[in-house]
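Take a look at the letters that make up each chain.
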Amino acid sequence: MKIAFTSSGTTWESIIDPRFGRTEYIVIFDEESQELSAVDNSSVKNEAHGAGTATSQRVFELSPDVLITGNGPGDNASTALKHLKMKILVNAHDLTLRQAYEKYKNGELKEV
Amino acid sequence: MTSQKPLKIAIASGKGGTGKTTLSTNLAAFIAEQQEVVLVDLDVEEPNSGLFLNGEMIHEEFNYKMTPQWDESKCTVCGICRKVCNFHAIIQLGPSILVFPELCHSCYACSELCTVDALPMVPKKTGILKEFSSGNLHFIESRLDIGEEQAVPTIAKTKKYAIGKFPDAQFTLFDSPPGTSCPMMEVIKDVDFVILVTEPTPFGLHDLSLAVETIRAYKKPCGVVINRYGIGNNDVIEYCQNENIPILAKIANSREIAELYSSGKLIYRTIPEVKVALNEILDYCLNNVEGGNK
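Note that the coordinates shown come from a computational prediction; the quantities given were computed from them, not determined experimentally. (Residues numbered from 1 in each chain as written. Chains lettered and ligands numbered in written order. Predicted model: local features only at pLDDT ≥ 70, side-chain atom pairs only at ≥ 80, totals over all residues. Heavy atoms only, no water.)

**Focus: the sheet that holds strand 11 (residues 247-252) of chain B**
All names here are of chain B.
- The nine strands are arranged 3-6-7-2-8-1-9-10-11 in an open sheet whose pairing can be described as mixed. Both outer strands of the open sheet, strand 3 (56-68) and strand 11, are each paired with one neighbouring strand and no more. Adjacent strand axes in the sheet meet at a mean angle of 20°, parallel and antiparallel pairs treated alike.
- Here four bridges tie strand 10 (residues 222-229) to strand 11, and the two strands are oriented parallel to one another. Looking at strand 11, one finds that Val 225 is bridged to Ala 249.
- Relative to strand 8 (residues 171-175), helix 1 (residues 20-32) is tilted by about 165°, and along the sheet it contacts strand 1 (7-12), strand 2 (37-41), strand 7 (137-144), strand 8, strand 9 (193-198) and strand 10. (Pairing = 2+ DSSP bridges. Helix = DSSP H or I, 4+ residues; strand = E, 2+ residues; numbered from the N terminus. Axes fitted to C-alpha atoms, helices over the stretch in contact; angles between N-to-C directions. Contact = heavy atoms within 4.5 Å.)

As structure tokens, then:
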């Protein structure tokens, strides 16, 4: 399974970015290879509109099985993400990636 | 009133809730007592001038914008469309192209650059324009549909409609949306004069100075009307003096005005001081504003 996090940094100790469209990074944890990698998403800062669809495109290309985020995607991003067979878990804000991952493993995160 | 070239006047503010609509509707009705006037509500996200005017609706039409519609049968999924879209209104998820019409700015890039014509532009309804008439007063408003994000094209279209229909009206008043972003700029960019309504508070002054900066970028003359005069402090007056901006009128802070407004009434008909203020504003415009700008 590939797990994607919206994150304010690039490590396990980084805090989850509560925003989907405007998240600073998308961090991917590949459970098979146990590898953690980060994709810089800060280019959306310059976008007045369309951050949600732009980030959705990026997430699609990373093709994770699970997305862990905070507030949850907005309307446009939700429409886009519906086309992906991906589990979306929310309310992970204020947690580090490591804590969020543990909560996910324990089934303690809310699915949308 | 002396006759001269048609005057196009925007009524704007930095801060919201300072009294743009109060001034627009009262000034329009006051002018209409003597001559023809056109009032155009360009606050298309929440038009409310119409609440104060009882007219007969004489025209209505839908507003549209052009957006691409994906034709799956023609598409080769080359991805050019999403790469050229600066607004992320098109994304490509595997073999599917997804269009987000609300994000589309109708630039046609995707449609024109598609090599197989898989993204023809089709009209999408974005709202409705209405025209009302009551004696000398012609009132035009546009209202965006819920969920529509872009006010600018609707504002541009509504202005064009109003000016096209009443090119010779001595007064055309544009009730602007608040703020200093694109919608406000679309309203003021080709008017002859901008009336800025403010309140004498630090917040009012802060946003007034932003609005003045914006107007100066367009090299438009402006004047200030201080509403709710008597609250706050004298900083707005000082600012206007330092910046050489004429203060056209002051309207006192009054519970009676608020009550009349809340019940949808025109305040100048009940409160003589407001009528005096409107007269001052009108006098200033007639004597100092040069009309005929395009």
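**Details of the interface of chain A and chain B**
- Each partner contributes to the interface: chain A provides 14 residues, whereas chain B provides 12 residues.
- Together, the buried faces of chain A and chain B total about 1200 Å²; carbon and sulfur atoms form 62% of this surface.
- The tally of links from chain A across to chain B stands at one salt bridge.
- Notably, a salt bridge pairs A:Glu61 with B:Arg82, separated by 3.2 Å at the nearest N-O pair.
- For the side of chain A that touches chain B, the secondary-structure elements that each account for two or more residues are helix 1 (51-62) and helix 2 (75-81) of chain A.
- Broken down by element, the side of chain A that touches chain B gets its largest block of residues, six residues, from helix 1 of chain A.
- In the side of chain A that touches chain B, the residues fall into four nonpolar, eight polar and two charged. (Buried area = accessible area lost by both parts, 1.4 Å probe. Salt bridge = Lys/Arg side-chain N within 4 Å of Asp/Glu carboxyl O. Nonpolar A, V, L, I, M, F, W, Y, C, P; charged D, E, K, R; others polar.)

**A closer look at helix 9 (residues 272-288) of chain B**
Residue and element names in this part refer to chain B.
- With 17 residues, helix 9 should cover 24 Å at 1.5 Å per step; its first-to-last C-alpha distance of 24 Å lies within 8% of that length.
- Among the residues making up helix 9, those that are buried are Val 274, Ala 277, Leu 278, Ile 281, Leu 282, Cys 285 and Leu 286. For helix 9, the angular spread of buried residues about the axis comes to 165°, placing them on one side. Of the exposed residues in helix 9, those oriented more than 90 degrees away from the buried face are Pro 272, Glu 273 and Asn 287. (Expected span 1.5 Å × (residues − 1). Buried < 20%, exposed > 50% of the residue type's maximum accessible area, 1.4 Å probe, protein only. Arc of directions from axis to C-beta.)

So, to be careful, I would describe these as geometric facts and stop short of saying anything about function.
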